[in-house]
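# Structural overview
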Amino acid sequence: MDAAKLDYQRLHSEGYALLRQAIPRALLEELRAAFDANVLPSDRWPVPRGVDWRHAQIDLEPCVQAACRLPPLLAAVGALIGERFFLAQAEGREPLPGGGHQQLHRDLSARRPGDMVSALAFLDDFSPENGATRLAPGSHRPAPGQPPFDFLDESHSLQLSGRAGDILVFDVDLVHAGSLNSSGARRRTILISYRAEPLYAAHLETVGLRNVRMNTAERFDPPQSC
């Protein structure tokens, strides 16, 4: 999807948007350097991270803060959340060679459907070979009477492909998962979390556990026509 021409109806029905080339080239180079300079071993996080992933503590980097505020990204996030929201977290993640596989899952909204949105800013090209994200379009809002989603059934999922500079934005209730990095090629991402304003007090209670150091007081408004 062209980052400058967001289809709000499709965004809401499918639960995600892949914003093609949303990150400017100069900013992308800064983000890569920031990621590599701030890799932090799993045992140095308040809660240990997965051993088959590389993690970077980058939320205080100015280039990361700029990426989290790119207008097309904020527009997509605001359209999904539908009310004032804040930037809650940003950290670097990269599946190690032979690692990164996850079972399909939902991250789950907190108080109401749509009150939390995640984004993955891709710093390297991504494909099935290096563990690109799998997701099930439309799975964030099951129809009344629809049976529970079978997380072991991959038949409803698709796997993304794209280029460095793309950003995936999705409702946290969307079924998704990371995949096996079978090629060993780099797939650095910035995982960004946004939350509706009423979740701010609960957010502050867990910032230490999540190793959030950045100021999260800024508020953003959703787009007028979404």
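Let me begin by describing the structure that accompanies this report. (Residues numbered from 1 in each chain as written. Predicted model: local features only at pLDDT ≥ 70, side-chain atom pairs only at ≥ 80, totals over all residues. Heavy atoms only, no water.)

Let us look at the nonpolar core. Soluble, globular proteins show a tendency: their nonpolar side chains are buried together. Judged by nonpolar contacts, the single largest core of 42 residues is most densely connected at L31, L73, I167, V169, I190 and Y194. Counting only elements with at least two residues in this core, the list comes to β1 (16-19), α2 (25-37), α3 (62-68), α4 (71-81), β3 (85-95), β4 (116-122), β7 (167-171) and β9 (189-196). Dropping the residues within four chain positions of it, L31 is found in contact with I23, C63, V64, A67, L123 and I190. Counting eleven residues, the second-largest nonpolar core is a separate cluster that includes Y16, L18, L120 and L160. (Core = buried A, V, L, I, M, F, W, Y, C linked by side-chain atoms within 4.5 Å. Buried < 20%, exposed > 50% of the residue type's maximum accessible area, 1.4 Å probe, protein only. Helix = DSSP H or I, 4+ residues; strand = E, 2+ residues; numbered from the N terminus. Contact = heavy atoms within 4.5 Å.)

Attention shifts here to unusual backbone geometry. Its identity as a non-glycine residue notwithstanding, Q21 has a phi of 55°, on the positive side. Inspection of the secondary structure puts Q21 in the loop between β1 and α2. Of note in the backbone geometry, N211 takes a positive phi value of approximately 60° without being a glycine. Inspection of the secondary structure assignment puts N211 in the segment after α5 (200-205).

On to the packing of aromatic side chains, then. What the rule picks out here adds up to five aromatic pairs. Between F86 and Y200 the ring centres are 4.9 Å apart and the planes differ by 85°, which places this aromatic pair in the edge-to-face class. In this pair, F86 is assigned in strand β3 and Y200 in helix α5, connecting sequence segments 114 residues apart. Neither residue differs from the other here; F86 and Y200 are each classed as buried. Here a set of aromatic residues connected by ring pairs shows up, and it is made of F85, Y194 and F220. Above the face of the Y200 ring, R219 is positioned so that its terminal group lies 4.2 Å from the ring centre. (Phe/Tyr/Trp six-rings, centres within 6.5 Å; stacked < 30°, edge-to-face > 60°. Lys NZ or Arg CZ within 6 Å of the ring centre and 35° of its normal.)

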